[in-house]
Amino acid sequence: GNPDQQAALLPALAEGRAKLALAYLEGNGQHDPAQVETRATRDGDHYLIDGSKSAVLYGHLADHLLVSTRTTHGVSLLLVPRATPGIISEAYRTHDDGWAADIAFSKVRIPASNLVGGDGAGLAVLDAALDAGAAALCAEAVGIMWVMHDMTLDYIKVRKQFGATLSSFQALQHRMVNMYMKCQLAQSITMAAIAALDSGDAATRGRAVSAAKAQIGRAARHVGEDAIQLHGGIAMTDEYAVGHYFKRLTMIRLT
């Protein structure tokens, strides 16, 4: 954004007085920020936005939407107050008990000054932001996996079966070691991805983040499923946290 946009919005975002949601996915089944059919047509000193966005996380609660649109020179980003006439949102719960919304835009009129960056300059910014967001989700997943590992380790030290604690069975010790190694590998590759965010080369950054996403996806499933199985039936109850952590891990993998 330009200095005026930054001064108007960033302090409010940092203080929690304003909420922002990113609207970039569309209903064509592609997780590709370049697949943009939502159009913003220039009309004097304004843009008219027509189209729709899918799975906008907490979009129905945001004060502003950052919307990727196709303009004259390519993909551009527009800052859109959610209360602007012509916006219709349909909210629904997500698997991890969060929220998302499908949002439609019909002749939504926005001042041209709400363009974030230049006309057609949005894709590079969006790619960098999505890489940063993916790295942050990887870090969240690592934290969740360590918590699940520790909860499981504590549980098998006190849970008894056949007159002995579960932790005394060598087969379960091996499974705990495998969980531990998955957590360590996930943590290391996430640290590498976060370090690569400072790289000036988009390809280097993208490779590092993609590698972390792939490793986190495999590790999250392994750690999550083992944590559920080693806990047994208690992990399937709403009152116990492990199942809720696994829901969040599943959501992160899919996101």
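Up top you'll find the structure we're talking about.
First, a word on what this report is: a plain description of the structure on this page. (Residues numbered from 1 in each chain as written. Predicted model: local features only at pLDDT ≥ 70, side-chain atom pairs only at ≥ 80, totals over all residues. Heavy atoms only, no water.)

This paragraph deals with the overall build of the protein chain. Check the secondary structure of the protein chain and you find five helices and 10 strands. Taking the principal axes of the C-alpha coordinates as reference, the protein chain spans close to 80 × 40 × 35 Å. A total of 255 residues make up the protein chain; the buried ones form 39% of that total. Counting contacts in the protein chain only where the partners sit at least 6 residues apart, residues at least 24 apart contribute 68% of the total. Entry remark: accessible area of the protein chain is about 13400 Å², with carbon and sulfur atoms responsible for 56%. (Helix = DSSP H or I, 4+ residues; strand = E, 2+ residues; numbered from the N terminus. Buried < 20%, exposed > 50% of the residue type's maximum accessible area, 1.4 Å probe, protein only. Contact = heavy atoms within 4.5 Å. Areas by Shrake-Rupley, 256 points an atom, 1.4 Å probe, with all protein chains shown as cover.)

Counting residues in hydrophobic clusters, the biggest one holds 31 residues, and the most contacted among them are Met145, Met148, Ile216, Val242 and Leu249. It is helix H2 (residues 122–158) that contributes the most residues to this core, 10 residues altogether. Residue contacts for methionine 148: discarding those within four places in its chain leaves Met179, Val223, Gly224, Ala227, Val242, Tyr245, Phe246 and Leu249. Counting 19 residues, the second largest nonpolar core, distinct from the first, contains Ala40, Ile49, Leu78 and Val108. (Core = buried A, V, L, I, M, F, W, Y, C linked by side-chain atoms within 4.5 Å.)

Looking now at helix H3 (residues 170–196). Turn by turn, an α-helix covers 3.6 residues, leaving residues three or four places apart pointing in a common direction. Helix length check: H3, at 27 residues, gives a terminal C-alpha distance of 39 Å against a target of 39 Å (1.5 Å per residue), a fit within 8%. Taken residue by residue, H3 has Leu172, Met176, Met179, Cys183, Ala186, Thr190, Ala193 and Ala196 as its buried positions. (Expected span 1.5 Å × (residues − 1).)

For the rest of this paragraph, the subject is the pairing of strand E1 (residues 20–23). Going residue by residue along E1, you find Ala21 and Ala23 tucked away on one face and Leu20 and Leu22 left uncovered on the opposite face. When E1 meets strand E4 (residues 64–71), the two strands line up parallel, connected through four bridges. For alanine 23, the partnering residue across the bridge sits in E4 and is valine 67. (Pairing = 2+ DSSP bridges.)

So, about the pattern of salt bridges. What the rule picks out here adds up to 10 salt bridges. Among the ionic pairs, lysine 53 bridges to glutamate 26, the shortest N-O distance being 2.8 Å. Highlighted residues: lysine 53 in strand E3 (residues 46–57) and glutamate 26 in the loop between E1 and strand E2 (39–43), separated in sequence by 27 residues. We note that lysine 53, like glutamate 26, is buried. With a closest N to O distance of 3.6 Å, aspartate 50 and lysine 107 form a salt bridge. Of this pair, aspartate 50 sits in strand E3 while lysine 107 sits in strand E7 (residues 99–111); the two residues are 57 residues apart in sequence, bridging distant segments of the chain. (Salt bridge = Lys/Arg side-chain N within 4 Å of Asp/Glu carboxyl O.)

Attention now moves to the environment of threonine 152. Tracing the backbone through its elements, the reader meets threonine 152 in helix H2. The class for threonine 152 is buried, based on a relative accessible area of 0%. Note: C-alpha distance between threonine 152 and glycine 1 (151 residues apart in sequence) is 45 Å. One polar contact links the side chain of threonine 152 to the main-chain carbonyl oxygen of methionine 148, over a distance of 2.7 Å. (Polar contact = N/O pair within 3.5 Å; in protein donor to acceptor, adjacent residues only side chain to side chain.)

What follows is about the environment of glycine 224. Looking at the secondary structure, you find glycine 224 in helix H4 (residues 202–231). In sequence terms glycine 224 and leucine 249 are 25 residues apart; their C-alpha atoms lie 7.4 Å from each other. When neighbours within four sequence positions are excluded, glycine 224 is seen to be in contact with Met148, Phe246 and Leu249.

With that out of the way, let us pick up the pairing of E2. Taken together, the five bridges between E2 and E3 define a ladder with antiparallel strand orientation. Looking at E3, one finds that aspartate 43 is bridged to histidine 46. Hairpin geometry of E2 and E3 is characterised by an intervening segment of two residues between the two adjacent antiparallel strands and by a positive phi of about 65° at glycine 44.

Axis separation between H2 and H4 bottoms out at 9 Å; the angle between their running directions is 25°. On the basis of the axis angle, H2 is roughly parallel to H4. Remark: the crossing between H2 and H4 carries left-handed chirality. Residue composition of the contact of H2 with H4, grouped by class: 19 nonpolar, four polar and four charged. (Axes fitted to C-alpha atoms, helices over the stretch in contact; angles between N-to-C directions. Parallel < 35°, antiparallel > 145°, perpendicular 65-115°, else oblique. Left-handed = near helix turned anticlockwise from the far one by under 90°. Nonpolar A, V, L, I, M, F, W, Y, C, P; charged D, E, K, R; others polar.)

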